[in-house]
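Architecture and fold: a report
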Amino acid sequence: MDLESEPFSLYENIEEIVELLKPRADAKEASLSLHISPSTPAWVKGDVTRFKQLLTNLLGNAIKFTKDRVDVSITAAPTIDGLFEIQVSVVDNGVGMTEEAQNKLFKDFSQVDASTTRKFGGTGLGLAICKGINDAMDGKIYVNSRLGHGSTFPFLMKVEKTKGGREKSSHTFINI
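Summarised in this report is the structure supplied together with it. (Residues numbered from 1 in each chain as written. Predicted model: local features only at pLDDT ≥ 70, side-chain atom pairs only at ≥ 80, totals over all residues. Heavy atoms only, no water.)

**Things to note about the environment of arginine 24**
Structurally, the position occupied by arginine 24 is in helix 1 (residues 10-27). We classify arginine 24 as partly exposed; its relative accessible area is 49%. Arginine 24 sits 39 residues away from isoleucine 63 along the chain, and the two C-alpha atoms are 7.0 Å apart. Beyond its immediate stretch of four places on either side in the chain, arginine 24 contacts Gly60 and Ile63. (Helix = DSSP H or I, 4+ residues; strand = E, 2+ residues; numbered from the N terminus. Buried < 20%, exposed > 50% of the residue type's maximum accessible area, 1.4 Å probe, protein only. Contact = heavy atoms within 4.5 Å.)

**Quick look at the packing of helix 2 (residues 48-65) against helix 5 (residues 126-136)**
Relative to each other, helix 2 and helix 5 sit at 150°, their axes nearing to 10 Å. With respect to their mutual orientation, helix 2 and helix 5 come out roughly antiparallel. When the axes of helix 2 and helix 5 are compared, the crossing they make is left-handed. Across the interface between the two elements, Arg50, Gln53, Leu54, Asn57, Leu58 and Asn61 from helix 2 touch Gly126, Leu127, Ile129, Cys130, Ile133 and Asn134 from helix 5. Tallied by class, the residues present in the contact of helix 2 with helix 5 amount to six nonpolar, five polar and one charged. (Axes fitted to C-alpha atoms, helices over the stretch in contact; angles between N-to-C directions. Parallel < 35°, antiparallel > 145°, perpendicular 65-115°, else oblique. Left-handed = near helix turned anticlockwise from the far one by under 90°. Nonpolar A, V, L, I, M, F, W, Y, C, P; charged D, E, K, R; others polar.)

**Brief notes about the side chain of serine 89**
The residue serine 89 is located in strand 5 (residues 84-92) in this model. Polar side-chain contacts of serine 89 include one of 3.0 Å to the side chain of glutamine 87. Setting aside chain neighbours within four positions, we find serine 89 in contact with Asp71, Val72, Ser73, Thr152, Phe153 and Pro154. (Polar contact = N/O pair within 3.5 Å; in protein donor to acceptor, adjacent residues only side chain to side chain.)

**Observations concerning the environment of phenylalanine 106**
Looking at the secondary structure, you find phenylalanine 106 in the loop between helix 3 (99-104) and helix 4 (114-120). In sequence terms phenylalanine 106 and tyrosine 142 are 36 residues apart; their C-alpha atoms lie 8.5 Å from each other. Aside from chain neighbours lying at most four places away, what touches phenylalanine 106 is Leu127, Ala128, Lys131, Ile141, Tyr142, Val143 and Phe153.

**Here's the deal with the pattern of salt bridges**
Using the criterion set out here, one finds five salt bridges in the structure. Put simply, aspartate 71 and arginine 69 hold a salt bridge, and the shortest N to O gap is 3.0 Å. In this structure aspartate 71 comes out as partly exposed when scored by relative accessible area, which is 24%. The exposure class assigned to arginine 69 is partly exposed, which follows from its relative accessible area of 34%. (Salt bridge = Lys/Arg side-chain N within 4 Å of Asp/Glu carboxyl O.)

Structure, rendered in structure tokens:
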């Protein structure tokens, strides 16, 4: 997989994905919130297309499986090599899953069980694709979940902070 490395607005692209998927959340009568910590750089250098693909898939899954709430949080911390490690966490309060099911999640054509496909749809490729993209970006993706209590899907990526158009100096919290 070839990755691009161009400046992009982290804030604008995150907000764009949240707005894009808001109608799905509305259709489920689920609240959708976004929190971006003040430490998060507004502009970074990386592959915006792959970043958006990751966030769209994880947020879409969270909306699909949630009972009534999805939270997205973005934090950042500088690394010793002068980059920033961005952590994006997508949290739902849906069906959750067992530890055994979590071990299968990032494999091709894998879902928790056959009833998941019948009830929620999907092919079981989305999370495997997310893992592939994140691995190519030298990042990490994982899941924390409890059956009946929802799931959290964090992914980490290292980016270079850069200058761009609109800068934000304070945190963003949007309850959509």
